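Close look at the chain arrangement
This is what each chain is made of:
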Amino acid sequence: DAPYEAALARVAVGLAYLAGGEEDAGALELRAARSALEKLGAVPDAGRVSELLGEPVVRPVGQRVTRAFMFTDIVRSTNLVDAIGDEAWEDLVRWHDRTLRALFAEHGGEEVDHAGDGVFVAFEDPGAALTSAVAIQRSLADHRRTQGFAPQVRIGIHAAEATDRQGDYGGKGVHRAARIGALAEGGEILVTAETLAAADASWEVSETREVPLKGFAEPARVASLDWR
């Protein structure tokens, strides 16, 4: 008569087996518990059991989630290709992708899409998104000082609700984030006021300003994050 509590009890039994070195029995109990929790619709609990098993957490398609969405882009890329040529451009993009991906991963970012020289990334924590953006701009600046060149990258960040499509996100919030990214200048981190409010630390920013967004009736309040 208490299937949820019974499932949690099986989780405890499974952990006890694992603590005693009986890995097969422990995994069996945990998987049984996860199956019961999934049938009950206890998605967060089932996800935690998957983490205990060291297995991927499967999120329901269509679930509404809150994320900090980041869009990055190399500015004036066409001019840059024309100046350095195709081969050098390909080498530069590979270096750019490798550098940014390492920093996304370091701060818990989930790469959602990569189109040309632009990247769409989702973060569960707005503060981590801001920290990642600062790390990106500082890494590029350091490379310019030590190696003589690095592309100018613009970054836009907006925290909002969206529909989780397992590997992709959709909704108004994502489109607003993309528009914010398009408004940023080279070397700038442009952040919406709601993202700053949701971040868990104080950040040095410019005075907030109101900007129109293409395709949206309501403008956005944004500020430039001082990463220097």
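Residues numbered from 1 in each chain as written. Predicted model: local features only at pLDDT ≥ 70, side-chain atom pairs only at ≥ 80, totals over all residues. Heavy atoms only, no water.

Remarks on helix α5 (residues 86–106)
Taking 1.5 Å per residue, 21 residues should reach 30 Å; α5 reaches 30 Å between its end C-alpha atoms and fits that length. What α5 keeps buried is the set Trp89, Leu92, Val93, Trp95, His96, Asp97, Thr99, Leu100, Leu103 and Phe104. Elements in contact with the buried residues of α5: β1 (63–74), α4 (77–84), β2 (110–115), β3 (118–123), α6 (126–147) and β4 (153–164). Gly108 sits one or two residues past α5 and shows a positive phi near 80°. (Helix = DSSP H or I, 4+ residues; strand = E, 2+ residues; numbered from the N terminus. Expected span 1.5 Å × (residues − 1). Buried < 20%, exposed > 50% of the residue type's maximum accessible area, 1.4 Å probe, protein only. Contact = heavy atoms within 4.5 Å.)

Overview of the pairing of strand β8 (residues 220–224)
For β8, a buried count of four out of five residues is recorded, marking the element as mostly surrounded by other parts of the structure. The pairing of strand β6 (residues 189–192) with β8 spans three bridges and is classified as antiparallel. Paired with Leu190 across the bridge in β8 is Ser224. When strand β7 (residues 209–211) meets β8, the two strands line up antiparallel, connected through three bridges. By the bridge assignment, Val211 is partnered in β8 with Ala220. (Pairing = 2+ DSSP bridges.)

Quick notes on the environment of Glu29
Here Glu29 is to be found in helix α2 (residues 23–40). Residue classification places Glu29 among the buried residues on the basis of a relative accessible area of 16%. The spacing of Glu29 and Val13 is 16 residues in sequence and 6.9 Å in space, taken between C-alpha atoms. When sequence neighbours within four positions are dropped, the list of residues in contact with Glu29 reads Arg10, Val13, Gly14 and Tyr17.

With respect to the packing of helix α1 (residues 3–19) against α2
As a packed pair, α1 and α2 sit with axes 7 Å apart at the nearest point and diverge in direction by 160°. Judged on the interaxial angle alone, α2 and α1 are roughly antiparallel. For the element pair α1 and α2, the recorded crossing hand is left-handed. Contact residues: α1 offers Pro3, Tyr4, Ala7, Leu8, Arg10, Val11, Val13, Gly14, Tyr17 and Leu18, while α2 offers Glu23, Ala25, Gly26, Ala27, Glu29, Leu30, Ala32, Ala33, Ala36, Leu37 and Leu40. Looking at the contact of α1 with α2 residue by residue, the classes come out as 16 nonpolar, two polar and three charged. (Axes fitted to C-alpha atoms, helices over the stretch in contact; angles between N-to-C directions. Parallel < 35°, antiparallel > 145°, perpendicular 65-115°, else oblique. Left-handed = near helix turned anticlockwise from the far one by under 90°. Nonpolar A, V, L, I, M, F, W, Y, C, P; charged D, E, K, R; others polar.)

Some details on the confidence of the model for the protein
This prediction gives the protein a mean pLDDT of 90; 98% of its residues lie at or above 70. By mean pLDDT, helix α3 (residues 43–53) is the weakest element of the protein at 86, and β6 is the strongest at 96. (pLDDT = per-residue confidence, 0-100.)

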